[in-house]
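Take a look at the letters that make up each chain.
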Amino acid sequence: MNLTIQVEVNGKKHKSTVEARQLLVYYLRDQLRLTGTHIGCDTSSCGSCTVMIDGMAVKSCTMLAAQADGCAITTIEGLAKKGELHPLQEGFHQEHGLQCGFCTPGMIMTAVDLLSKNPEPTEMDIRHALEGNFCRCTGYHNIVRAVQFASAKMKEMEVASV
Amino acid sequence: MIPSEFDYIKAKSIDEAISLLKDGDAKLLAGGHSLIPAMKLRLNRPTKLIDISRIAEMKGIKQEDGELVIGAMTTHYEIMTNDLIKKHLPILSQAAELIGDVQVRNKGTLGGSLAHADPSADWPASMLVTDAVIVVAGAKGKRAIKAGDFFTGFFMTALEEGEIVTQIRIPLPSANTKSAYVKFMQPASRFAIVGCAVVVTGNGSIDDIKVAFTGVSESAFRDTAVENALKGKKADTETIKNAADQAAEGVSILSDHFAGEEYRKHLAKVYAKRALTEVA
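Here the residue index of a chain counts from 1 through its sequence in written order. Whichever chain is written first is A, and whichever ligand is written first is 1; the rest continue in order. Local features in a predicted model are, by the rule used here, given only for residues with pLDDT of at least 70; side-chain atom pairs are given and counted only at 80 or more, and totals for whole chains, interfaces and linings are based on all residues. Calculation of side-chain values draws on the structure's entire complement of heavy atoms; hydrogens and water are dropped beforehand.

Draft legend 1. Molecular detail of the overall build of chain B. When you go through chain B residue by residue, the secondary structure sums to 12 helices and 14 strands. Relative to the 2.2 N^0.38 estimate, which gives 19 Å for 280 residues, the radius of gyration of chain B is 19 Å and therefore close to what a compact globule would have. Referenced to the eigenvectors of the C-alpha coordinate spread, the extents of chain B come out at roughly 60 × 45 × 35 Å. Note on classification: 1.4 Å probe, protein chains only; a residue is buried when its accessible area is under 20% of the maximum for its type, exposed when over 50%, partly exposed between these limits. Within the span of chain B, comprising 280 residues, buried residues form 55% of the whole. Note on contacts: a residue pair is in contact if any heavy atoms of the two residues lie within 4.5 Å. Across chain B, every contact between residues at least 6 apart in sequence was considered, and the portion connecting residues at least 24 apart equals 60%. Computed over 34 positive and 35 negative side-chain charges, the inter-centroid distance for chain B is 3 Å. What counts as a helix is a DSSP run of H or I of at least four residues, what counts as a strand is a run of E of at least two, and both are numbered from the N terminus. Our radius of gyration is a C-alpha quantity, and the globule rule it is checked against amounts to 2.2 Å times the number of residues to the power 0.38. When charges are counted, Lys and Arg contribute as positive and Asp and Glu as negative, whereas His and the chain ends are disregarded. By convention, the charge on Lys lies at NZ, on Arg at CZ, on Asp at CG and on Glu at CD.

Draft legend 2. Examining the nonpolar core more closely. Only buried residues count toward a nonpolar core, which is a set of Ala, Val, Leu, Ile, Met, Phe, Trp, Tyr and Cys residues joined through side-chain atoms within 4.5 Å. Counting residues in each nonpolar core, the largest one holds 54 residues, and the members touching the most others are Leu92(B), Trp123(B), Met127(B) and Ile168(B). Of the residues forming this core, the biggest block, 5 residues, is contributed by helix H8 (residues 123–129) of chain B. Leave out the neighbours within four places in its chain, and Met127(B) touches Leu92(B), Leu110(B), Leu114(B), Ala132(B), Ala147(B), Phe151(B), Ile168(B) and Ile170(B). Formed by 33 residues, the second largest nonpolar core is a distinct cluster that contains Tyr27(A), Leu28(A), Leu64(A) and Ile73(A).

Draft legend 3. Representation of the pairing of strand E11 (residues 177–185) of chain B within the structure. Residues and elements named next belong to chain B. The pairing of E11 with strand E12 (residues 192–201) spans 9 bridges and is antiparallel. Among the inter-strand pairings, Ala180 is bridged to a residue of E12, identified as Val198. Pairing between two strands is assigned when DSSP locates at least 2 bridges connecting them. Counted along the chain from E11 to the antiparallel partner E12, the turn is 6 residues long, and its residue Arg190 has a positive phi close to 65°.

Draft legend 4. Structural detail: the interface of chain B and chain A. Residue-level contacts link 32 residues of chain B with 34 residues of chain A. Buried area is a sum: the accessible area each of two parts loses on coming together, probed at 1.4 Å, counted once for each and added. Across the interface of chain B and chain A, roughly 2700 Å² is buried in total on both sides, 55% from carbon and sulfur atoms. On the chain B side of the interface with chain A, the three residues burying the most area are Met1(B), Tyr8(B) and Gln103(B), jointly 21% of the side's total. In this structure, Lys40(B) engages Asp42(A) in a salt bridge whose closest nitrogen and oxygen atoms are separated by 2.6 Å. N or O atoms within 3.5 Å of each other form a polar contact, as long as, within protein, one can give a hydrogen and the other can take it, and as long as residues adjacent in sequence are counted only when both atoms are side-chain atoms. At the junction of chain B and chain A, the tally comes to 16 residue pairs in polar contact (both at pLDDT 80 or more). Where the side of chain B that touches chain A is concerned, the elements lending two or more residues are strand E1 (7–10), helix H2 (35–40), strand E3 (48–51) and helix H6 (102–107) of chain B. If one sorts the elements of the side of chain B that touches chain A by residue count, H6(B) sits on top with 6 residues. Residues are sorted three ways: Asp, Glu, Lys and Arg are charged, Ala, Val, Leu, Ile, Met, Phe, Trp, Tyr, Cys and Pro are nonpolar, and all the rest, Gly among them, are polar. Residue composition of the side of chain B that touches chain A, grouped by class: 14 nonpolar, 6 polar and 12 charged. Any Lys or Arg side-chain nitrogen found within 4 Å of a carboxyl oxygen on Asp or Glu counts as a salt bridge.

Draft legend 5. Expanded view of the packing of helix H2 (residues 87–94) of chain A against helix H3 (residues 104–117) of chain A. Residues and elements named next belong to chain A. Working convention: axes come from line fits to C-alpha atoms, limited for helices to the stretch in contact. Angles between N-to-C directions cover 0 to 180 degrees. Running from N to C, H2 and H3 cross one another at 125°; their axes reach a closest spacing of 10 Å. The angle between H2 and H3 places the two elements in the oblique class. Handedness of the H2/H3 crossing: right-handed. Within the contact between the two elements, H2 uses Leu88, Gln89 and Phe92 and H3 uses Thr104, Met107, Ile108, Ala111, Val112 and Leu115. Residue composition of the contact of H2 with H3, grouped by class: 7 nonpolar, 2 polar and no charged. Angular relationships are summarised with four words: roughly parallel below 35 degrees, roughly antiparallel beyond 145, roughly perpendicular across 65 to 115, and oblique for the angles in between. The handedness criterion is simple: a crossing whose near helix is rotated anticlockwise from the far helix by less than a right angle is left-handed, and one whose near helix is rotated clockwise is right-handed.

Draft legend 6. Broad picture of helix H12 (residues 261–279) of chain B. Residue and element names in this part refer to chain B. The span one expects for a helix is its residue count, reduced by one, times 1.5 Å. With 19 residues, H12 ought to run about 27 Å at 1.5 Å a step, and its terminal C-alpha atoms sit 27 Å apart, in line with that. Within the sequence span of H12, burial applies to Arg264, Leu267, Ala268, Lys269, Tyr271, Ala272, Ala275, Leu276 and Val279. Buried positions along H12 lie against E11, E12, strand E13 (208–214), helix H10 (224–228) and helix H11 (237–244).

Draft legend 7. Representation of the domain arrangement of chain B within the structure. Residue ranges for the domains originate in an automatic or database domain assignment. Partitioning chain B into structural domains gives domain 1 (7–50), domain 2 (58–171) and domain 3 (177–279). Using only C-alpha atoms to locate each centre, domain 1 of chain B and domain 3 of chain B end up separated by 35 Å.

Draft legend 8. Here's a closer look at the pattern of salt bridges. Residue and element names in this part refer to chain B. The tally for this structure, following the rule as stated, stands at 22 salt bridges over all chains. Here Asp131 makes a salt bridge to Lys210, at a shortest N to O gap of 3.3 Å. Here Lys210 lies in strand E13 and Asp131 lies in the loop between H8 and strand E6 (133–138), a separation of 79 residues in the sequence. Given the relative accessible area of 39%, Asp131 is considered partly exposed. A salt bridge links Lys265 to Glu249; its shortest N-O distance comes to 3.2 Å. Taken together, the positions of Lys265 in helix H12 and Glu249 in the loop between H11 and H12 put the pair 16 residues apart, joining distant regions of the chain. Linked by salt bridges that have partners in common, Lys62, Glu64, Glu67 and Arg169 make up one network.

Draft legend 9. Representation of the confidence of the model for chain B within the structure. How sure the predictor is of each residue is captured by pLDDT, a score from 0 to 100. Of all residues in chain B, 100% attain a pLDDT of 70 or more, and the chain-wide mean is 96. This complex was scored by the predictor with a pTM of 0.96 and an ipTM of 0.96.

Draft legend 10. Geometry of the packing of aromatic side chains. Geometry of aromatic contacts follows a simple scheme: Phe, Tyr and Trp rings, the Trp one being its six-membered ring, pair when their centres are within 6.5 Å, and the pair is stacked under 30 degrees between planes, edge-to-face over 60, tilted otherwise. Overall, the coordinates contain 5 aromatic pairs over all chains when judged by the stated rule. Note on Phe150(B) and Phe151(B): the rings are 5.2 Å apart at their centroids and 90° apart in plane angle, and the pair reads as edge-to-face. Neither Phe150(B) nor Phe151(B) differs from the other in exposure class; each is buried. Relative to Phe155(B), the ring of Phe154(B) has its centre 5.0 Å away and its plane inclined at 85°; by these criteria the two rings are edge-to-face. On the basis of relative accessible area, Phe154(B) is assigned to the partly exposed category, the value being 46%. Joined through ring pairs, the aromatic side chains of Phe184(B), Tyr263(B) and Tyr271(B) make up one cluster. The side chain of Lys117(A) reaches across the aromatic face of Tyr77(B), ending 3.9 Å from its centre. Over a ring means this: the NZ of a Lys or the CZ of an Arg is within 6 Å of the ring centre and within 35 degrees of the ring normal. Over the aromatic face of Tyr271(B) sits the side chain of Arg274(B), whose NZ or CZ is 4.7 Å from the ring centroid.

Written as structure tokens, this is what we have:
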């Protein structure tokens, strides 16, 4: 069965035909060619497919494209604005929050969810928030530092803009 | 992994969902965080999915008379952060925070979890100790099922064919009530290997106590031996230890590659003690 869905992805509206059984992650990667969202475990454990849907982090391998009809989706490609890295992207760069980089898009999208709900998280808050995202390289310490960097940077930007 | 083919229909109301569900091979889709993984593994191959996650009358948390009423499609995250829940039934926000991870809590629903009745799911233990009533609707009308009668076995519930869990009603506890939910989790799936929920009322000594486990047996259960060992007593260290030692006796214990029968039973006693100590 084919369905027509309307979604807004990274600010751009799309009207697409998808198969009912099409998973959101395949829609994003294969149909929209947004390959920054990765498929890791494919069993909703590893978090590398995390995207934001209406402001909430969701594992896109465990959701049908049809379920996203009418929603606003943000993927890793939608974070940088006018060539400027998002503070979280900058944090992962500055603090060496990645090695192979496979988990990074999902890690960053989950951290976006965290900082939107809790702009000044403690180290424990960060570790708790990232429980659904696996990294097999870094040992997580630099990932935590990257999120702390972003939290501080976003606060600084907010102060500067007042 | 791709599920086998199915038709997808978004239901706009409970009545519409009930009438769509008359097709015997149809399945309800809530948050999808149990059903979609099962469909990807082709353990489940419904030919029709009825998406009920956006039915407005099945969402949200409100206070009605002496009860909190939680719509079945309310997410774990919404329960975890809701002020009415935090104020009146903090055990539910405590349990919600221990479910899966952020992404799962953002999408998974209370009603979906209850209907799925995974023996290792977190919610059933809290439902048993808070005297929750599960309201279901079907072609023959509505009925209310006590949590104690709802979980009937391994992935089994009292839901009949064509029925939908629509809301969960929980009486507001009295002022001198304390509660706790503690859990030993499978580190990858984060499901409960042992989850223990306790609700206790009393001043100084224990007037009433309810203790329930999830993850331990084929379905969540009240542990009356532990409860009876505490009723009318003062909750000192010795009494708690003696009561916790009686946990999970006389029930069949689950066993898997992560936690064998003996270890799981041991954990049940350890976590009963922790939960009881938290409310003492």
